[in-house]
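As a plain string of letters, each chain reads:
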Amino acid sequence: MSFQTFIEPFKIKSVEPIYMSTAEQRKQYMKEAFYNPFLLHSRHVIIDLLTDSGTSAMSSEQWAGIMRGDESYAGAQSWERLETELKDLTGFSYVIPTHQGRAAERILYGYLGGKGKTFISNTHFDTTRANIEFSGAEAIDIPCKEAEDHESDYPFKGNMDIAALDELLGKHGSTNIGAVILTVTNNTGGGQPVSMENAKAVAEVCKKHKVLFIIDCCRIAENAYFIRNKEKGYEHKSYREIAQEMFALADGCAMSAKKDALVNMGGFLALQNEELATACTNLLIITEGFATYGGLSGRDMEAIAIGLREVFEDDYLHYRIMSTTYLGEQLKAKGVPVLYPIGGHAVYVDAGKLYNHIPAEQYPGQALVCELYQLGGIRTVEIGSVMFGKYDEDGKLVAAPMELVRLAIPRRVYTKSHLDYVIEVFDKIVQNKAATKGVKIVKEPKFLRHFTAHFEML
Ligand SMILES: *Cc1c(COP(=O)(O)O)cnc(C)c1O
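Computed from a prediction, not measured in an experiment: that's the story for all the values here.

**A word on helix α3 (residues 77–90)**
Count 3.6 residues to each turn of an α-helix, and residues three or four apart come out pointing the same way.
Point 1. An ideal rise of 1.5 Å per residue puts 20 Å on 14 residues; α3 measures up with 20 Å between its terminal C-alpha atoms.
Point 2. Within the sequence span of α3, burial applies to Ser78, Trp79, Leu82, Glu85, Leu86, Leu89 and Thr90. One side of α3 carries all its buried residues, which in axial view fall inside an arc of 135 degrees.
Point 3. Elements in contact with the buried residues of α3: α2 (60–68), β2 (94–98), α9 (239–247), β7 (252–256), β8 (267–271) and α11 (298–310).
Point 4. Of the residues trailing α3, Gly91 is marked for its positive phi of about 80 degrees.

**Thoughts on the environment of Leu339**
Point 1. The residue Leu339 is located in the loop between α12 (314–333) and β9 (346–350) in this model.
Point 2. Note: C-alpha distance between Leu339 and Gln366 (27 residues apart in sequence) is 17 Å.
Point 3. Beyond its immediate stretch of four places on either side in the chain, Leu339 contacts His150, Gly190, Tyr348, Met402 and Leu404.

**Let's talk about the site of the ligand**
Point 1. Taken together, the neighbourhood of the ligand is formed by 14 residues, with Arg102, Asp216, Arg219, Ser256 and Lys259 sitting nearest.
Point 2. The separation between an oxygen atom of the ligand and a polar side-chain atom of Arg219 is 2.8 Å.
Point 3. Contact between the ligand and Ser256: an oxygen atom at 2.7 Å from a side-chain N or O atom of the residue.
Point 4. If the ligand stood free it would expose 380 Å²; the protein chains cover 97% of that surface.
Point 5. Tallying contributions element by element places helix α4 (residues 101–112) first for the shell around the ligand, with 3 residues.
Point 6. Taken together, the residues of the shell around the ligand sort by class into 2 nonpolar, 6 polar and 6 charged.

**Topic: the pattern of salt bridges**
Point 1. Under the definition given, this model contains 25 salt bridges.
Point 2. With a closest N to O distance of 2.9 Å, Asp52 and Arg411 form a salt bridge. With Asp52 in the loop between β1 (47–48) and α2 and Arg411 in the loop between β14 (404–408) and α16 (416–431), the pair connects residues that are 359 residues apart, well separated along the chain.
Point 3. With a relative accessible area of 0%, Arg411 lands in the buried category.

**So, the domain arrangement of the chain**
Point 1. As far as domains go, the chain holds domain 1 (23–52 + 313–457) and domain 2 (60–310).
Point 2. Distance from the C-alpha centre of domain 1 to the C-alpha centre of domain 2: 28 Å.
Point 3. Between domain 1 and domain 2, the contact holds 22 residues from the first and 27 residues from the second.
Point 4. In total, about 2,200 Å² of surface goes out of reach between domain 1 and domain 2, with carbon and sulfur atoms giving 52% of it.
Point 5. One can count 16 residue pairs in polar contact (both at pLDDT 80 or more) joining domain 1 with domain 2.

**Observations regarding the sheet that holds β14**
The strands making up a sheet associate through backbone hydrogen bonding, with each pair oriented either parallel or antiparallel.
Point 1. Taken in spatial order, the 3 strands of this open sheet run β9-β14-β11, and their pairing is antiparallel. Across the chains shown, the open sheet's two edge strands, defined by having one partner strand only, are β9 and β11 (381–383). Averaged over neighbouring strand pairs, the angle between their axes works out to 35 degrees when direction is ignored.
Point 2. The sheet contacts of helix α14 (residues 364–376) involve β9, β11 and β14, and relative to β14 the element is tilted by about 40 degrees.

**Thoughts on the packing of aromatic side chains**
Point 1. Following the criterion strictly, the structure yields 10 aromatic pairs and no others.
Point 2. A centroid spacing of 4.9 Å and a plane angle of 75 degrees characterise the contact between Phe38 and Phe451, whose relative ring orientation is edge-to-face. Of the two residues, Phe38 sits in the loop between α1 (23–32) and β1 while Phe451 sits in the loop between β15 (439–443) and β16 (454–457), which places them 413 residues apart along the sequence.
Point 3. For Phe451, a relative accessible area of 35% corresponds to the partly exposed category.
Point 4. In this structure an aromatic cluster arises from ring pairing among Phe10, Tyr316 and Tyr319.

**Things to note about the sheet that holds β7**
Point 1. As summarised here, the arrangement of the 7 strands in space is β2-β8-β7-β6-β5-β3-β4, forming an open sheet in which the pairing is mixed. The outermost strands of the open sheet, each flanked by one partner alone, are β2 and β4 (138–141). On average, adjacent strands in this sheet sit at an angle of 20 degrees to one another, irrespective of strand direction.

Each value, and the rule that gives it
Residues numbered from 1 in each chain as written. Predicted model: local features only at pLDDT ≥ 70, side-chain atom pairs only at ≥ 80, totals over all residues. Heavy atoms only, no water. Helix = DSSP H or I, 4+ residues; strand = E, 2+ residues; numbered from the N terminus. Expected span 1.5 Å × (residues − 1). Buried < 20%, exposed > 50% of the residue type's maximum accessible area, 1.4 Å probe, protein only. Arc of directions from axis to C-beta. Contact = heavy atoms within 4.5 Å. Near = heavy atom within 4 Å. Polar contact = N/O pair within 3.5 Å; in protein donor to acceptor, adjacent residues only side chain to side chain. Areas by Shrake-Rupley, 256 points an atom, 1.4 Å probe, with all protein chains shown as cover. Nonpolar A, V, L, I, M, F, W, Y, C, P; charged D, E, K, R; others polar. Salt bridge = Lys/Arg side-chain N within 4 Å of Asp/Glu carboxyl O. Domains from an automatic or database assignment. Buried area = accessible area lost by both parts, 1.4 Å probe. Pairing = 2+ DSSP bridges. Axes fitted to C-alpha atoms, helices over the stretch in contact; angles between N-to-C directions. Phe/Tyr/Trp six-rings, centres within 6.5 Å; stacked < 30°, edge-to-face > 60°.

Laid out in C-alpha cells, this is it:
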C-alpha cells in the first residue's frame, strides 16, 4: 500500500525558532548586507537554503552519542567505534579522521600533488580543485557528454567521460597522475548521480593505467538512492550494500561528514595502501591532531558513526530525495527553468533563462537571490558569473557558462510545508519577472569574491 503524500519519517523533539519578518524589513536587511546573502544575519532568514553542508539536524541517537563521547587523547572508545564503522562501510584498511572534508583533501592531494602532477575528475569540487592547484598540480574536469543537456531526463549526468579518461591517462602516463577522483554525487555538476556502471568503468581504466582511484564520497548515500531506483540490477540491494560495492572499486575515499554523515562538523580519509596511509597520518599529526582523533572531539566521532548508519535507512533516503524532487518538480511545473533531472541535495534554478532580459554583466543569478530573500526571506546562493566570472585584459566580464541559483536543502531540517512556502514564493518571483532588475558589483576582493562582494541594485 503506498500513498501519494510523503511524510517526514521523524517526529520533532527539539525546536529552534524561525523569526518572521516583513518584506519591508527584509529590504532594509538586504541593503545593510550589501545585497550579498553571505553577509546577512541568520536570524533574519526564514528558510535557509544557502547550503546543505554542516546544516543537518542530528537524531536523538546522535545526541545520546554526544553524551557518550570519550575525550581521551589516544585510543578513545569513540575513535574505536568510528574506525570500526568506517572500515565496515568502506572496506578500506586505514582510516584517518579530519575536522572536515578539505582537511582530508589537503593531506591527500597535497601529498600526491605538486608541480607536474595532474588530477582528473568528473568535476572537482571547489575545495578539491583549490587544494590540488595550491600544491602546484593541475585539475582536469571530464563530465560525461550527457551532462551538457540540462533538459533531458538522462538519470546519471554525474558520470565521468570514460573515453576522455582513457585518453588523458594514456597521454599523461601513470607517474604524472596524482589520482582520479570520482565525486558522488557530482556536487558542482548539479548534484547529479554517478551510475555503478560508470564507477566500474572508471575503476577498470585506472587499473589498466595503474593510477590511484579515489572516491569523493560526501553524498554516496544519496547517490545509492539513484542507483537503486534508476539503474538495472540494483532494485533489490540495500543502499548500504550499493555504497559498499562502489567503495570496493576504489583505492580510497575522502569525505566531508558535513553532508551524508548527518553531522555539523567532521570528515575523514580511508585508504587501502599502507604506505600512503602512513604518509597521510604523519601529515595529519602535524596540523590536525593525533591519529585517533584528527581534528575531532570524541563526541563528534560518535555522532559521525551513528549518522553514517542512519543515512542509509530506506525511509530516510526516500524522504530526502523525494523532498528535493518535490521542490524541483513543482517549480518546473510553474515554468521556472531548473536543471533537470533534479539532483540529490539541491535544486538549481537557471536564472539566466528566467531573467533573459538581464545580461550576464548585471548578474541575473544575484538578482534572483535578492528577490528570493526580499520577497520570502529565503536565502540561496548564486552559482554563476558572481562566483565564477573573470575579467579579461580590458576589464570586461568573461561570464560563467550558466547563471544558476542553488536551493540546497539541509537534511532533516525543513518539513514539506516549508517547501510549499518556497514554492509559493516562486509564484511572486514569476509575477515580478519583467520588473526585476539586475545588480552591479561595487566592491570585490581578488579571490572567492562571492563571499564578501558588495552589490547595488540597478
Ligand atoms: C563539501 C564538499 C567538500 C569539502 O568539504 P568541507 O567539509 O566543506 O571542507 C569536498 N567535496 C565535495 C563534493 C563537497 O561537497
